[in-house]
Amino acid sequence: MGLFDDIKAGAKDFKDSAKSELDGAKLSLRIAKLKGELGDLKKLETEAYAAIGRTAAAESGIEKFGADGEKVVALQAQIKAKEDEIAAEEAKKN
């Protein structure tokens, strides 16, 4: 075996290594895609639960949900205050 055979063997090793790296990258990409899809499904699930909760609160009254109901009311007040603050700042632009 001569120099040419050594070069050929080195090229094959490089090709095998590159293929392994590419396969690893493809696998990582596939896993990332699956995790993204899982995140999307969990978000949809959360939105569905939220819709159920809003319906239940509207039908039963938020006060029937104790501390969680109080938390929602407090958050709604904070949201309203932040919306008002944003509107005031945007009004300054105009």
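Quick caveat: nothing in here was measured; it's all calculated off a predicted structure.

Undergrad: Describe the overall build of the protein chain, and please don't skip the residues or the numbers.
TA: Looking only at helices and strands, the protein chain features 2 helices and 0 strands. For 94 residues, the compact-globule estimate of 2.2 N^0.38 gives 12 Å, and the protein chain exceeds it by more than 25% at 29 Å. Dimensions of the protein chain along its principal axes, counting C-alpha atoms only, are 85 × 40 × 20 Å. In the protein chain, which comprises 94 residues, the share counted as buried stands at 3%. A total of about 8,400 Å² of accessible surface is found on the protein chain, and carbon and sulfur atoms cover 62% of it.

Undergrad: Break down the environment of Gly 61 for me, citing the residues and quoting the values.
TA: Positionally, Gly 61 belongs in the loop between helix H1 (3-60) and helix H2 (66-93). In the structure, Gly 61 is positioned 43 residues away from Ala 18 in sequence and 62 Å away in space, judged by C-alpha atoms.

Undergrad: Pulling in residues and values, what's your account of the pattern of salt bridges?
TA: Considering all chains together, one arrives at 5 salt bridges under this definition. In this structure, Lys 80 and Asp 84 form a salt bridge, with 2.8 Å as the shortest nitrogen-oxygen distance. With Lys 80 and Asp 84 both in helix H2 and 4 residues apart, this pair spans about one turn of that helix.

Undergrad: So, the layout of surface pockets: which residues are in play, and what are the values?
TA: Which parts of space are left empty comes out when a probe the size of a water molecule is rolled across the atoms. Each pocket or cavity is described by its volume, and for the largest pocket that value is around 180 Å³. Lining the largest pocket are Gly 53, Arg 54, Ala 57, Ile 62, Phe 65, Asp 68, Gly 69, Val 72 and Gln 76. Contributions of two or more residues to the lining of the largest pocket are made by H1 and H2. In terms of residue count, H2 provides more of the lining of the largest pocket than any other element does, 4 residues in total.

Undergrad: Provide a residue-level description of the environment of Glu 83, including the pertinent values.
TA: Positionally, Glu 83 belongs in helix H2. Taking the relative accessible area as the measure of exposure, Glu 83 reaches 47% and is therefore partly exposed. C-alpha separation for the pair Glu 83 and Gly 24, spaced 59 residues apart in sequence, amounts to 46 Å.

Reading the values: the criteria
Starting afresh in each chain, residues are numbered from 1 along the sequence in its written order. Restriction of local features to residues with pLDDT of at least 70 applies here, the model being predicted, together with a cutoff of 80 or more for giving and counting side-chain atom pairs; totals for whole chains, interfaces and linings are based on all residues. The side-chain quantities take in all heavy atoms of the structure and omit both hydrogens and water. Runs of H or I in DSSP of at least four residues are treated as helices and runs of E of at least two as strands, each being numbered from the N terminus. Using C-alpha atoms as the atom set, the radius of gyration is obtained and then compared with a globule rule of 2.2 Å times the number of residues to the power 0.38. Each residue is assigned to one of three classes by its accessible area relative to the maximum for its type, calculated with a 1.4 Å probe on protein chains only: buried under 20%, partly exposed between the two thresholds, exposed over 50%. With residues, only the protein chains shown are counted as cover, and all accessible areas are computed by Shrake-Rupley using a 1.4 Å probe. Should a side-chain nitrogen of Lys or Arg be within 4 Å of a carboxyl oxygen of Asp or Glu, the pair is scored as a salt bridge. A cavity here means a set of 1 Å grid points, computed over protein atoms only, where a 1.4 Å probe fits but cannot escape. A pocket is an open set with protein on both sides within 12 Å along at least 5 of 7 lines, and lining residues have an atom within 4 Å of a point. Grid points are joined across faces, edges and corners, and a volume is the space filled by probe spheres set on the points.

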